[in-house]
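Given next are the chains, with one letter for each unit.
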Amino acid sequence: MRIFVLIVLGLSFISTAFAADKVVIAHRGASGYLPEHTIAAKAMAYAMGADYIEQDVVMTKDGRLVVLHDHLLDRVTDVQEKFPDRKREDGRYYVIDFTYAEIRTLNVSERYRIDENGEKVAVFPGRFPLNKSNFKVHTLEKEIELIQGLNKSTGGDVGIYPESKSPAFHLSEGKDLSRAILMTLKNYGYSDKSHKAYFQTFEAEELKRVYENLLPELNMNVRLVQLMGGEDIYADMITEEGIKALSGYADGIGPSIGMIVRNSSEKAALQITDLVAKAHKYGLEVHPYTFRAESFATPKYAESFDDLLDIFLNQVGVDGVFSDFPDLAVKFRDGS
Ligand code: G3P
Ligand code: CA
């Protein structure tokens, strides 16, 4: 009987330790509750117990690093109303065409799309209302200062997870986005793998450039994550040879969830790809995106958001999740 109890206790300890190793990354902050990438959304994510808070990073005309999902302003701000003459031929408003001072005059809103009548419509109708309250674009530096400030005032140890967004586009415009991000990380004390920071990008050649050129030049050795946005686009990279090669310089991968469990899966017959097994074989962490609680954003093979988290964290065994709802992911992970 005593042996049985010890075994049960031992197993339970192992299971808890294992679960605690899995990280929750607040995707664009607590973006399920507040407009993405606003300081308010980041503070909320911190308070909800996220292990890491994500920053998508782009560059302004005057070389400032700002935290925005992509290099366009016209789906999360009122740039059309404030600067109607500043769009490019494609009708879009590029961050890189505006100074930081100009961008600070914009109001940030919950993400929207433009419908067939030219009206703004919320992408996630159940989330924070459009054009309410008072949110502004901020720099990467200000966000790091928020997180480091909260680490000091609360005694916490939350990490950062910056993404170099469209670095090739920035280079074509004469701006080295990844270099600027890495220099900022170094200035704020994130210089090697012992620090709680991951540098991520979708662009494979850029991640190699970061590893081969930028990190040695800057005398840095931070953790690197290769994002992957679909099996077709990343077909060569997700072969055994591709993963093995990637493990030579990356610390982890960030695939879309459909690359791990096919969207055509049924609850009773999950189609789990071999991507996680291959990544783990070569020592790569796996942090898939994006875990959203809305029923319309949940794959049909999952009965609930908890079920989706169970499939990925417990059945498949990923090492962390990017979630718009860090509170729910932390609660599930911790079994509380
Ligand atoms: O970086 C992980 C995830 O955020 C990738 O998707 O488009 O939200 O940046 P996206
Ligand atoms: Ca991202």
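Residues numbered from 1 in each chain as written. Chains lettered and ligands numbered in written order. Predicted model: local features only at pLDDT ≥ 70, side-chain atom pairs only at ≥ 80, totals over all residues. Heavy atoms only, no water.

The next subject is the environment of Gln-315. In this structure, Gln-315 sits in helix 11 (residues 305–316). As a C-alpha pair, Gln-315 and Gly-283 span 32 residues in sequence and 19 Å in three-dimensional space. Once residues within four sequence positions are removed from consideration, Gln-315 is found in contact with Leu-270 and Asp-310. (Helix = DSSP H or I, 4+ residues; strand = E, 2+ residues; numbered from the N terminus. Contact = heavy atoms within 4.5 Å.)

Each aromatic ring pair is described using two quantities: the centre-to-centre distance and the angle formed by the ring planes. Going through the model one piece at a time under the given rule, you end up with 13 aromatic pairs. Note on Tyr-161 and Tyr-198: the rings are 4.7 Å apart at their centroids and 20° apart in plane angle, and the pair reads as stacked. Separated by 37 residues along the polypeptide, Tyr-161 in strand 6 (residues 159–164) and Tyr-198 in strand 7 (residues 198–201) bring together distant segments of the chain. Classification of Tyr-161 by relative accessible area gives buried; the value is 0%. Measuring from centroid to centroid gives 5.1 Å for Phe-291 and Phe-312, while their planes differ by 85°, and the two rings are edge-to-face. With Phe-291 in the loop between strand 10 (285–286) and helix 11 and Phe-312 in helix 11, the pair connects residues that are 21 residues apart, well separated along the chain. If you follow Arg-88 out to its NZ or CZ, it ends over the ring of Tyr-94, 4.1 Å from the centre. The ring of Phe-124 carries Arg-127 above its face, with NZ or CZ at 3.7 Å from the centroid. (Phe/Tyr/Trp six-rings, centres within 6.5 Å; stacked < 30°, edge-to-face > 60°. Buried < 20%, exposed > 50% of the residue type's maximum accessible area, 1.4 Å probe, protein only. Lys NZ or Arg CZ within 6 Å of the ring centre and 35° of its normal.)

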